[in-house]
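Results of the structural survey
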Amino acid sequence: MTTESFDVAIVGSGFSGLAAAINLKREGKRSFVVLERGDDVGGTWHFNTYPGCGCDVPSHLYSFSFAPNPEWSQTYSLQPEIRDYLRRCADDFGVRPQIRTGTEVTAASWNEDERLWEVATSGGEIRARVVVGAMGPLTEPRIPDIPGLDRFEGKTMHSARWDHDYDLRGKRVASIGTGASAIQYVPAIQPDVAQLHVFQRTPPWIFPHSNRDIHDFERRIYRAFPPLQKLVRGGIYATRELAVLGFVKNPRLMGVAELAAKRHMQKQLKGRPDLIEKGTPDYEIGCKRILPSNRWYPALRRPNVELVTGSVEEVRANSVVGADGVEREVDAIIFGTGFEVTDMPASRLVQGRDGRLLHDQWHGSPNAHKGATVSGFPNLFLLLGPNTGLGHSSMVYMIESQVAYLMAALREMDERGADVIDVRADAASSYNAALDERMDGTVWNTGCASWYLDDTGRNATLWPDWTWRFRQATARFDADHYSIESAPANAEIAGDPAAPIAN
Ligand code: NAP
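About the thresholds
Residues numbered from 1 in each chain as written. Predicted model: local features only at pLDDT ≥ 70, side-chain atom pairs only at ≥ 80, totals over all residues. Heavy atoms only, no water. Near = heavy atom within 4 Å. Polar contact = N/O pair within 3.5 Å; in protein donor to acceptor, adjacent residues only side chain to side chain. Disulfide = S-S within 2.5 Å. Helix = DSSP H or I, 4+ residues; strand = E, 2+ residues; numbered from the N terminus. Buried < 20%, exposed > 50% of the residue type's maximum accessible area, 1.4 Å probe, protein only. Axes fitted to C-alpha atoms, helices over the stretch in contact; angles between N-to-C directions. Parallel < 35°, antiparallel > 145°, perpendicular 65-115°, else oblique. Left-handed = near helix turned anticlockwise from the far one by under 90°. Contact = heavy atoms within 4.5 Å.

Digging into the site of the ligand
- Around the ligand sit 24 residues, and of these Asp56, Ala180, Ser181, Thr202 and Ser311 come closest.
- Backbone polar atom of Gly54 to an oxygen atom of the ligand: 3.1 Å apart, as the coordinates give it.
- Residue Ala180 places a main-chain N or O atom 2.9 Å away from an oxygen atom belonging to the ligand.

Given below as structure tokens:
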């Protein structure tokens, strides 16, 4: 196999990878390739196809600012519409030729002598001056290590790897987990299955969902007057941003949200004190993601659904045993158990200076400068890296902020004739110290166990401030925080920016 060279290699083609690719394409100065292990673009919206899958951030905000979509059919989109939107973006912005689907990255190592990254993929080796890690934080499904699981003779699947060939009709099913994914697929599959045992370790706080169809006349108006859609987007952004007041600035304000959630539960579970008791969380609202749904509680009331509190303790050949010691015969187990987030499996594949693995550098506690760069890993930019997550607004806003930072860094390198940049360890650590200080006193640190926290108990996931502050922080490249090395006189630019790449 031949080795190909590019200025930039982007790993992943979800919202982040596509945003980076589109910006590079528009700039037109650099050769780049997008490496995607799936068979099409879309990232999380390609892989998550479970029934009922959708986004709980409004469609007008959960889309690229540079690619408004007047055609959204609902105020909160379902997965197929978001997936199709991303596919359309890849086509409309002309980045398909640069995208290699079915190509999995198996390792990436910094070559100090040649001052570039060597990226091993299932399709051969690639060399790139800059690597953009756009793998996304919610990528690797997490399946709990339950005793006896390997002896189960029925069907198992994770929400993010739904097997649509498996017919759930008439089946007895155990569903584990009550997070954002489960509360969407449980109501969707409940009418089909014979019996559904929902295992809930921690009850979620549920809000009323305000989804509605977008009327034809609204779509016509958005098509005719794009600024109006922009205005609506701005309004949604501003309203959502108010949540920062409760999440971050003054968690006592979350009491209002708790009242609304409790009222929703009492209304929807009226006459079912057993479910109200099992479903009432004992942690501060907002400490774990608040989930909007009008269908969750009604699904739990259905005669073929049993809400089992506690985890599955053991799996046998044809049954599961709950914490209550009861054995329930099932044909299938569905894992709505989330993703490896703070462990970041991809960090085991990345070797920086001195052959150091990103995983070892992080030592169970991922951190980065502006969620993007890590000292000792030159020319590596993470998109949606540590502490860029949000519980209340659109991740696309954070992605676009980070892509602006990436593009500013590349321009700075051009201007200085530099070929290596590496964030200074002291700059990264003071950035993170300030961030940790802001994290103190947020609702996420009020004592619940959540996937926001890493092995050390540090919140390595969320951005603890107004989102516009993140945009400000990433608006320009802070060169003074980096060590910047100039290219040797004979350094050559890799590849041809305009060259398409055969799949
Ligand atoms: P999740 O929020 O991490 O939820 C996982 C669920 O599985 C939790 O209820 C957890 O219980 C439970 N669980 C984990 N290990 C378990 C075990 N060993 N035994 C029993 N229960 C176990 O995962 P998710 O629902 O897939 O959602 C992940 C993230 O994806 C969300 O937070 C959100 O950011 C994103 N998402 C977004 C949307 C959207 O609409 N925008 C939709 C789906 C997903 P504990 O709470 O006790 O840990």
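What about the state of the cysteines?
- In the structure shown here, the tally under the stated rule is one disulfide.
- Two residues share a disulfide in this structure: Cys287 and Cys448, whose sulfurs sit 2.0 Å from each other. Its S-S torsion of about -95 degrees marks the bond between Cys287 and Cys448 as left-handed, since a negative value means left-handed. Separated by 161 residues along the polypeptide, Cys287 in the loop between α9 (273-279) and β11 (291-292) and Cys448 in the loop between α13 (425-439) and α14 (467-474) bring together distant segments of the chain.
- A relative accessible area of 0% places Cys287 in the buried class.
- Overall, Cys448 belongs to the buried group, its relative accessible area being 9%.
- With no disulfide partner, Cys53 has as its closest neighbouring cysteine sulfur the one in Cys55, 8.9 Å distant.
- The structure places no disulfide on Cys89, whose sulfur is separated from the nearest cysteine sulfur, that of Cys55, by 14 Å.

Points about the packing of helix α1 (residues 15-27) against helix α12 (residues 395-416)
- Running from amino to carboxyl end, α1 crosses α12 at an angle of 40 degrees, the nearest separation of the two axes being 9 Å. Our classification of the angle between α1 and α12 gives oblique. At the point where α1 passes α12, the crossing takes the right-handed sense. On the side of α1, the interface is formed by Phe15, Ser16, Ala19, Ala20, Asn23, Leu24 and Glu27, while α12 contributes Val396, Ile399, Val403, Leu406, Met407, Leu410 and Arg411.

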